[in-house]
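As a plain string of letters, each chain reads:
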Amino acid sequence: MATTIRKLAQMKRDGEKIPMVTAYDYTAARIADAAGIPIILVGDSLGMVVLGYDSTIPVTMDDMVRHTRMVSRGASEALIVADLPFMAYQVDANEAMRNAGRLMQEGGAHTVKMEGGVAIADTVRRIVDAGAPVMGHIGLTPQSVNALGGYRVQGRTRATARRLLDDAVALQDAGAYSVVLECVPSQLAKVITERLTIPTIGIGAGPDCDGQVQVFHDMLGLFSDFLPKHARRYATLSDDITAAFRQYAEDVRAGDFPAESESFTMNEAVLSDLLDG
Ligand code: KIV
């Protein structure tokens, strides 16, 4: 059954945990969908893991629309959430609405995600009122990495914890249907989760969130050099792919690939005719 935002609200009420993963193309989306993952996030983390930037800041609306379209073609059951990238919603609410519209009309997303709390609550309200469901994202907000002074845990002091709680409530009051909590202490994530009626989705926010999100490349071991503390590796695909490529190169060099069963033939008479001619 297709996931809807009503279903997610019900899952929170029922205490049913919500798994979410990122995906950035058709094949990955098909696999996640077939595995029964209810929410697929086309995260602007694609800036790092797909496009090779060192942050999410250079990611553009065109990047997000293109990858969202790939993902939405691959998934039939999962709810597709697409990130509004840096400066796609901060300039003014009209531009934010147009960009949210692009992710849904051109990309095929069901909902959009935005980083920030109180500061973007009015814009969230406008987008939600226009018919585009919004997932919030607070705590470590990677688009603000330069303002935050690095990728670090947020909400460890009384004042910053209070601010995050206010941000979460402001997003809920503005009509957001869910909120991502990234890199916040588990105890604070628990307080926020209990305070909100909408589901919280954690990444580095402990076990008490209503759901969890993981980045595709981290959980599948596609980046072998670095694993964030909050990620769990469920496969080591980078090692498997490297071994497969090495074996393939060896087979080609040795003349073992392709075999007859992997080749095509033509009628012998046609071949003789060709050679005689
Ligand atoms: O872009 C992304 O992958 C995200 C998740 C880390 C929540 O925003």
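Refer to the structure presented above.
Computed from a predicted structure; not experimentally measured.

(A) Summary view of the layout of surface pockets. In this structure, the second largest pocket spans a volume of roughly 510 Å³. If you trace the second largest pocket, you find 26 residues lining it, with G116, G139, T141, L148 and D167 closest to the centre. Elements supplying a minimum of two residues to the lining of the second largest pocket: β5 (134-139) and α8 (158-173). Ranked by the residues each element gives to the lining of the second largest pocket, the list is headed by α8, at four residues.

(B) Geometry of a nonpolar patch on the surface. Where nonpolar side chains cluster on the molecular surface, the patch consists of V50, L51 and Y53 and spans about 230 Å² of accessible area. Looking at where Y53 falls in the secondary structure, it is placed in the loop between α3 (46-49) and α4 (61-74).

(C) Here's a closer look at the pairing of strand β7 (residues 200-203). Of the two faces of β7, the one lined by T200 and G202 and the one lined by I201 and I203 are each fully buried. The pairing of strand β6 (residues 178-182) with β7 spans four bridges and is parallel. Bridge pairing in β7 links V179 to T200. Where β7 lies against strand β8 (residues 211-214), two bridges are found, and the strand directions are parallel. From the neighbouring strand, I201 faces β8, where its bridge partner is G211.

(D) Fine view of the packing of helix α2 (residues 26-34) against α4. Relative orientation of the contacting elements α2 and α4 amounts to 40 degrees, with a least axis distance of 7 Å. With respect to α4, the element α2 is oriented oblique. Crossing of α2 against α4: the hand is right-handed. Between α2, through Y26, A29, R30 and D33, and α4, the contact on the second element is made entirely by M70, V71, R73 and G74. The residue makeup of the contact of α2 with α4, split by class, is four nonpolar, one polar and three charged.

(E) Quick look at the nonpolar core. Counting 58 residues, the largest nonpolar core has I40, L84, L103 and L181 as the members making the most contacts within it. Counting residues per element, this core draws most heavily on α8, at six residues. Leave out the neighbours within four places in its chain, and L103 touches M61, M64, V65, T68, A82, D83, L84, G108, A109 and V112.

About the criteria used
- Residues numbered from 1 in each chain as written.
- Predicted model: local features only at pLDDT ≥ 70, side-chain atom pairs only at ≥ 80, totals over all residues.
- Heavy atoms only, no water.
- 1 Å grid on protein atoms, 1.4 Å probe; cavity = no way out; pocket = protein on both sides within 12 Å on 5 of 7 lines; lining within 4 Å.
- Points joined across faces, edges and corners; volume = space filled by probe spheres on them.
- Helix = DSSP H or I, 4+ residues; strand = E, 2+ residues; numbered from the N terminus.
- Patch = residues over 30% accessible without salt bridge, like charges linked within 9 Å, V, L, I, M, F, W, Y side chains within 5 Å.
- Areas by Shrake-Rupley, 256 points an atom, 1.4 Å probe, with all protein chains shown as cover.
- Salt bridge = Lys/Arg side-chain N within 4 Å of Asp/Glu carboxyl O.
- Buried < 20%, exposed > 50% of the residue type's maximum accessible area, 1.4 Å probe, protein only.
- Pairing = 2+ DSSP bridges.
- Axes fitted to C-alpha atoms, helices over the stretch in contact; angles between N-to-C directions.
- Parallel < 35°, antiparallel > 145°, perpendicular 65-115°, else oblique.
- Left-handed = near helix turned anticlockwise from the far one by under 90°.
- Contact = heavy atoms within 4.5 Å.
- Nonpolar A, V, L, I, M, F, W, Y, C, P; charged D, E, K, R; others polar.
- Core = buried A, V, L, I, M, F, W, Y, C linked by side-chain atoms within 4.5 Å.

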